[in-house]
Amino acid sequence: MTWIAPARLTLVVLAAGLVAGCGQIVNPPGGHPTPAATSPSATRPSPTPSAPPLLATPRWVPAGQVPSLALSQLSDLRPPCRVQLEMYELGNWALVKGLIEAHQRGCQEQVMLDATESQSASSATQLTKAGVAVEMAHIVNDGLDHVKALVLNGGAEALIGGVNWGSGSADTGDADVLLPGDPAASARLTEDWGNTSSSWVPGPTSSGALEGPSISQAMLSAIGAPQSKVLVLTNYLTSYAVQDALAAAVSRGVTVDVLLNPEGYGAKSAASWLTGHGVHVRYAPDSPYLHAKVILTPAEGIVGSANLTEDGASVNRELDVLIPTGLLPEAWAWGTALWATGRTVS
């Protein structure tokens, strides 16, 4: 689903396994174990009014800027206005209050939250009491609705990426992209609304759209393209396909840098295997907590809610985007600064 004609941007809806505070892991640690170690639950399934755009260009938004930006967006809304929010973790009271106040000013709102997340469950109670339309997603096979997306006025603006709206989310190493929209952004969340169990919901998309398991193809394509450098910043990296692609890039002479959260499931196994194949791996510091799921190359980049895991490709509902080419220098500056804070894995 191409959202911005002048810039390169593709909506990606997919499923990926997660752990601790961000969901469950359904695949084993790195190091390429036998297929028998994978989870049997990770089987792959078969596959309103708009307003004029408010932005001229997209914007890279580090996690620390997301709450104030989202609150400003909500505060500026006046009828006729529409708010669509799909969020795994919603526990920032200022943002909950912002949603309630926008509703009280007459905005039409639809809020979809994950039923397994405790902060979201509490916020849903407050929103429902205020009259906001809320749906709680119960994704099948112990999956999650792990999306982080705010869409305003039928897609006039969309804030999408890896940053939750939890009480401490602004303090993480992560980022969103703020986009001048296209009705396709709103259409995607509209397709999700009313379907509270599927890991992904097929819907109307343009030829550039990637949905469901095809997120892996986007990652592998980005890593496998002819280039000089790849930078990966990730909370978890247990996808053997991605690990193999990174090692293959090194064998082609590509410089591959990976910043990995040492607390992530399978981090030590993944780091050991990758360093053994020539990948430069660093462990992220304790602060900021690395929550990112970002792949950067000189020509393209991917950011979103989906961790770089393997067996979750049919479990969670996720949303990623290809970073518009105009934002790549800013994304690279952000990623390089985070990379510099890591400690080398020998």
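Below is a summary of the structure that appears in this document. For every chain, the first residue of the written sequence is number 1, and numbering continues from 1 along that sequence. Since the coordinates come from a predicted model, pLDDT governs what is reported: local features require at least 70, and pairs of side-chain atoms require 80 or more to be given and counted, while whole-chain, interface and lining totals use all residues. The side-chain quantities take in all heavy atoms of the structure and omit both hydrogens and water.

## Details of the overall build of the protein chain
Stated precisely, the cut-off is as follows: Secondary structure elements are defined from DSSP: runs of H or I of at least 4 residues count as helices, runs of E of at least 2 residues count as strands, and each element is numbered from the N terminus. Relative accessibility decides the category of a residue: with a 1.4 Å probe and only protein chains considered, values under 20% of the type maximum give buried, values over 50% give exposed, and everything between is partly exposed. Areas reported here follow the Shrake-Rupley algorithm with a probe of radius 1.4 Å; residue values treat only the protein chains shown as occluding.
A tally of regular secondary structure across the protein chain gives eight helices and 18 strands. Every one of the 346 residues in the protein chain was classed for burial, and the buried ones make up 58%. Carbon together with sulfur atoms contributes 55% to the accessible area of the protein chain, which is approximately 12500 Å² in total.

## Quick notes on the pairing of strand 15 (residues 293–296)
Here is the rule: At least two DSSP bridges between two strands are needed for those strands to be called paired.
Side chains of strand 15 alternate between two faces, with Lys293 and Ile295 and Val294 and Leu296 buried alike. Across four bridges, the pairing between strand 11 (residues 229–234) and strand 15 is antiparallel. When the sheet's bridge partners are listed, Val232 is paired in strand 15 with Ile295. In the sheet, strand 15 pairs with strand 16 (residues 301–304) via three bridges, with the strands oriented antiparallel. Among the inter-strand pairings, Ile295 is bridged to a residue of strand 16, identified as Ile302. Linking two consecutive strands that pair antiparallel, namely strand 15 and strand 16, is a turn of four residues.

## Regarding the packing of helix 5 (residues 214–224) against helix 6 (residues 240–251)
What counts is decided by this rule: For helices, the fitted axis covers only the stretch in contact; all axes are lines through C-alpha atoms, and the angles between them, taken along N-to-C directions, range from 0 to 180 degrees. Comment on the angle field: the value is read as roughly parallel under 35 degrees, roughly antiparallel over 145, roughly perpendicular from 65 to 115, and oblique elsewhere. By definition, residues are in contact when any of their heavy atoms lie within 4.5 Å. Nonpolar residues are Ala, Val, Leu, Ile, Met, Phe, Trp, Tyr, Cys and Pro. Charged residues are Asp, Glu, Lys and Arg, and all others, Gly as well, are polar.
Interhelical geometry of helix 5 versus helix 6 gives an angle of 10° and a closest axis separation of 9 Å. By the angle between their directions, the pair helix 5 and helix 6 is classed as roughly parallel. Where helix 5 abuts helix 6, its residues Met219, Leu220 and Ile223 lie against Ala241, Val242, Ala245, Leu246 and Ala249. Looking at the contact of helix 5 with helix 6 residue by residue, the classes come out as eight nonpolar, no polar and no charged.

## Focus on the sheet that holds strand 2 (residues 59–62)
Strand order in the open sheet made by the seven strands is 2-9-7-6-3-4-5, with mixed pairing throughout. Looking at the sheet topology across the chains shown, the edges are occupied by strand 2 and strand 5 (133–137). Taking each pair of neighbouring strands and ignoring which way they run, the sheet shows an average axis angle of 15°. Both strand 6 (residues 148–152) and strand 7 (residues 157–161) contribute to a ladder of four bridges, which runs antiparallel. In the sheet register, Leu150 faces strand 7, and the bridge partner there is Leu159. Sheet strands touched by helix 3 (residues 118–129): strand 3 (82–87), strand 4 (108–114) and strand 5. Its angle to strand 5, the strand with the most contacts, is close to 155°.

## What about the environment of Trp273?
As for its placement among the helices and strands, Trp273 is situated in helix 7 (residues 267–276). The class for Trp273 is buried, based on a relative accessible area of 18%. Distance from Trp273 to Ala247, taken between C-alpha atoms, is 9.3 Å for residues 26 residues apart in sequence.

## Examining the state of the cysteines
Rules: Two cysteine sulfur atoms form a disulfide, by the criterion used here, when they sit within 2.5 Å.
This model, assessed by the stated rule, comprises one disulfide. A disulfide bridge connects Cys81 with Cys107, and the sulfur atoms are separated by 2.0 Å. Its S-S torsion of about -100° marks the bond between Cys81 and Cys107 as left-handed, since a negative value means left-handed. Pair noted here: Cys81 is in the loop between helix 1 (66–76) and strand 3 and Cys107 is in the loop between helix 2 (93–104) and strand 4, with a separation of 26 residues, a long-range link. No difference in accessibility class separates Cys81 from Cys107, as the two residues are buried.

## Concerning the pairing of strand 3
Across a regular strand the side chains alternate sides, sitting on one face of the sheet and then on the other. To keep it simple, the criterion reads: The handedness rule is simple: strands pointing away from the viewer, and a clockwise path from the first strand over the helix to the second, make the crossover right-handed.
Of all six residues in strand 3, six are buried; the element is thus mostly enclosed. Of the two faces of strand 3, the one holding Arg82, Gln84 and Glu86 and the one holding Val83, Leu85 and Met87 are both buried throughout. Bridging between strand 3 and strand 4 involves six bridges; their strand directions are parallel. Its bridge partner lying in strand 4, Glu86 is registered against Met112. Each parallel crossover has a hand, and the one from strand 3 via helix 2 to strand 4 is right-handed. One ladder, built from five bridges, connects strand 3 with strand 6; its direction is antiparallel. Bridging across to strand 6, Val83 finds its partner in Leu152.

## Examining the packing of aromatic side chains
Test applied: Paired rings are identified among Phe, Tyr and Trp, the last through its six-membered ring, by centres lying within 6.5 Å, and are further divided according to the angle between planes into stacked (under 30 degrees), edge-to-face (over 60) and tilted (the rest).
Scanning the entire structure with this criterion turns up one aromatic pair. Relative to Trp334, the ring of Trp60 has its centre 5.3 Å away and its plane inclined at 65°; by these criteria the two rings are edge-to-face. Taken together, the residues span a long stretch of sequence, with Trp60 in strand 2 and Trp334 in helix 8 (residues 328–340) at a distance of 274 residues. Note on Trp334: relative accessible area 13%, which makes it buried.

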